[in-house]
Amino acid sequence: MYLYNISIIIEESQHQVLLLWIQQSWAPALPAEVKLLKMLNSPHEGHTYCVQLIASDENDIQQFQSEHLLSLQNHITQHHNEKAFIFDSVMQYL
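These figures come from a predicted structure and were not determined experimentally. (Residues numbered from 1 in each chain as written. Predicted model: local features only at pLDDT ≥ 70, side-chain atom pairs only at ≥ 80, totals over all residues. Heavy atoms only, no water.)

Enquirer: I keep staring at the pattern of salt bridges and nothing clicks. Help me out?
Expert: Note that side chains of opposite charge can pair when their charged atoms are close. A complete count under the given rule lists one salt bridge for this structure. Note that Glu11 is salt-bridged to Lys83, the shortest N-O span being 3.7 Å. Here Lys83 lies in the loop between α2 (58–79) and β4 (84–92) and Glu11 lies in the loop between β1 (2–10) and α1 (15–26), a separation of 72 residues in the sequence. With a relative accessible area of 33%, Glu11 lands in the partly exposed category. (Salt bridge = Lys/Arg side-chain N within 4 Å of Asp/Glu carboxyl O. Helix = DSSP H or I, 4+ residues; strand = E, 2+ residues; numbered from the N terminus. Buried < 20%, exposed > 50% of the residue type's maximum accessible area, 1.4 Å probe, protein only.)

Enquirer: Would you explain α2 in this entry?
Expert: Think of an α-helix as 3.6 residues a turn; residues three or four steps apart then line up on the same face. Across its 22 residues, α2 extends 30 Å between first and last C-alpha, which sits within 8% of the 32 Å expected from 1.5 Å per residue. Along α2, the largest kink reaches about 45° and is centred on His68. Those residues of α2 that are buried lie in contact with β1, α1, β3 (47–55) and β4. The distance from a side-chain oxygen at the start of α2 to the backbone nitrogen of Asn59 is 3.0 Å, and the residue carrying that oxygen is Asp57. (Expected span 1.5 Å × (residues − 1). Bend = angle between axes of the 7 residues up to and from the residue. Contact = heavy atoms within 4.5 Å. Polar contact = N/O pair within 3.5 Å; in protein donor to acceptor, adjacent residues only side chain to side chain.)

Enquirer: Could you clarify how one ought to interpret the sheet that holds β3 in this entry?
Expert: Sheet strands pair by backbone hydrogen bonding; their relative direction is either parallel or antiparallel. Within the open sheet, the four strands sit side by side as β2-β3-β1-β4. Their pairing is antiparallel. Among the strands making up the open sheet, the edge pair consists of β2 (35–38) and β4. Neighbour-to-neighbour, the strand axes of this sheet turn through a mean angle of 20°, independent of strand direction. Against the sheet, α1 touches β1, β2 and β3, its axis set at about 140° to β1. Contacts from α2 reach β1, β3 and β4 within the one sheet, and its direction differs from that of β1 by about 10°. (Pairing = 2+ DSSP bridges. Axes fitted to C-alpha atoms, helices over the stretch in contact; angles between N-to-C directions.)

This is the structure in structure tokens:
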């Protein structure tokens, strides 16, 4: 089993707009098992949000990336350029 995580660090001035877009436009198209979280007590300035998917294999992660990740990256680049930082990671359950 794998945990796929996308972290988004966004400046204070932009976080409400981005969160609203994620909740209203991007997240409804995601599989039901995908969770949206807000990191508490983040060591970063601004706000940190995480999108997490538990996957049975790496193919599920690749499929999620090809179907959903690009639209998130494009939106952040077009509407929050230099105001947000996005990165993803894959972790394996032990």
